Amino acid sequence: MIAVPAVPAVSARRRAGLRRPLAVLALLTATLLPATACGPADPGFAVPEAAAPQPAATGGATAAPAPARKPAGPAADLPYDVTPLLKPQRKYLGAALPDVPAKMDALGGYTTAIGKQPNVLEYYAGWGDGFDTAGVRRIYDAGALPYMAWEPHSPSMAAIAAGETDDYVKSVAKAAAKLNLPIAISIAHEMNGDWYPWGRQAASAEDFVTAWRRVHDIFDRAGATNVIWVWSPNITDPAPNTRLAPYYPGDTYVDWAGMTGYFTLTGPKTFDALYGPTMAEIRTFSQKPFFISETASQQGKRQRADIDQLFSGIEAHDDLVGFVWFNIVKRADWRIEITPQTLADYKQRASDPRYGFDIRNP
């Protein structure tokens, strides 16, 4: 087991509780710099803001655009204050949908299907992709929190930890600060698994922690304190002998303790069996709010019971702030609208006023 490097007692981001004023000067500098808008061919990350298509009308499926929740007058240049979003009174109802945020077409149909618009929309960006300023704004204007799962397929975590991508990270941080809207970001999710090139078989826990802290510190120096940092391991079930504590960057570098965990035909059948061991292990070293970064239920006879377990389990934990339903076909068909009765169950549970709120006015 690799020991976690020592964590500074207080980060610059939160010193004396002055999360916003500390970054004012850095933000004013960042606003003079252009946002990164070029990247690989994936239009979700490569479309320059000025040339980006506007979201198509969806029959009222998306909320009416609203101005950013920022101070007025002399304080208007302060970074967006994400503090009210960290532990909201109600729970996040999130989704990952095809082509979002390059296109928002899927949001209307999904909203109609479940009867409520998601207020977190997760998307995936490769390391080296440009920051999708237009896409993040589309999500925010729809009343949802953008959630970028940042995937370092290359270079290695060791290279990131050594600073080999610092210039790239600085460009993303400056773009995020300049946009000045709330965004959740996870780095190298499911790092405790062995199915990604940044996982346990290819990267040490020490390199992961060093890389995470390095990236976080670059964002802080750029004034990008509008970011909610989501540390997101996979549930421990597939890797019970891989301890999570060595991968934890420290409370000053994390806002939410995320988890990826799916209900499958052959896996755990209850919320407690699926998430309980992971939550218990995390609670031995952190008290940060939990957030289920990805979940869904595999098509089959257990699906209706899975829906009940998911919602009942979330409602039983005040320290769990919400979840993202992965409504995409990948290795299996996770779309909730495929089975009518399952959809009806999901719609009924999601209608509870505890789920969903306009993140622009939490």
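Residues numbered from 1 in each chain as written. Predicted model: local features only at pLDDT ≥ 70, side-chain atom pairs only at ≥ 80, totals over all residues. Heavy atoms only, no water.

Some points on the pairing of strand β7 (residues 290-295)
- Burial within β7 is extensive, with six of its six residues counted as buried.
- Relative to β7, strand β6 (residues 256-260) runs parallel, the two being bridged by four bridges. Following the sheet pairing, A257 is matched in β7 by F290.
- Since β6 and β7 lie parallel, the crossover through helix α9 (residues 271-282) that links them has a hand, and here it is right-handed.
- For β7 and strand β8 (residues 320-326), the ladder comprises three bridges, and the chain directions are parallel. By the bridge assignment for β8, T295 is matched with W325.
- Regarding topology, helix α10 (residues 303-315) serves as the crossover connection from β7 to the parallel β8, and that connection is right-handed. (Buried < 20%, exposed > 50% of the residue type's maximum accessible area, 1.4 Å probe, protein only. Helix = DSSP H or I, 4+ residues; strand = E, 2+ residues; numbered from the N terminus. Pairing = 2+ DSSP bridges. Right-handed = clockwise from strand over helix to strand, strands pointing away.)

Observations concerning helix α11 (residues 340-350)
- T342, L343, D345, Y346, R349 and A350 are the residues of α11 that are buried. Mapping the buried residues of α11 onto a view down its axis gives an arc of 160°, with all of them on the same face. Turned more than 90 degrees off the buried face of α11, the exposed positions are P340 and Q348.
- Next to the buried residues of α11 lie β1 (92-96), α4 (105-114), α10 and β8. (Arc of directions from axis to C-beta. Contact = heavy atoms within 4.5 Å.)

Observations concerning the pattern of salt bridges
- Tallied over the full model, the rule gives twelve salt bridges.
- The residue D319 makes a salt bridge to R283 at a minimum N-O spacing of 3.0 Å. With a gap of 36 residues between them, D319 in the loop between α10 and β8 and R283 in the loop between α9 and β7 connect regions that are remote in the sequence.
- Residue class for D319 comes out partly exposed when judged on its relative accessible area of 28%.
- Note that R360 and D358 form a salt bridge whose closest N and O atoms lie 2.7 Å from each other.
- On the accessibility criterion, D358 (27% relative accessible area) is partly exposed.
- If you follow the salt bridges from partner to partner, you end up with D308, E315, R349, D352 and R354 in one network. (Salt bridge = Lys/Arg side-chain N within 4 Å of Asp/Glu carboxyl O.)

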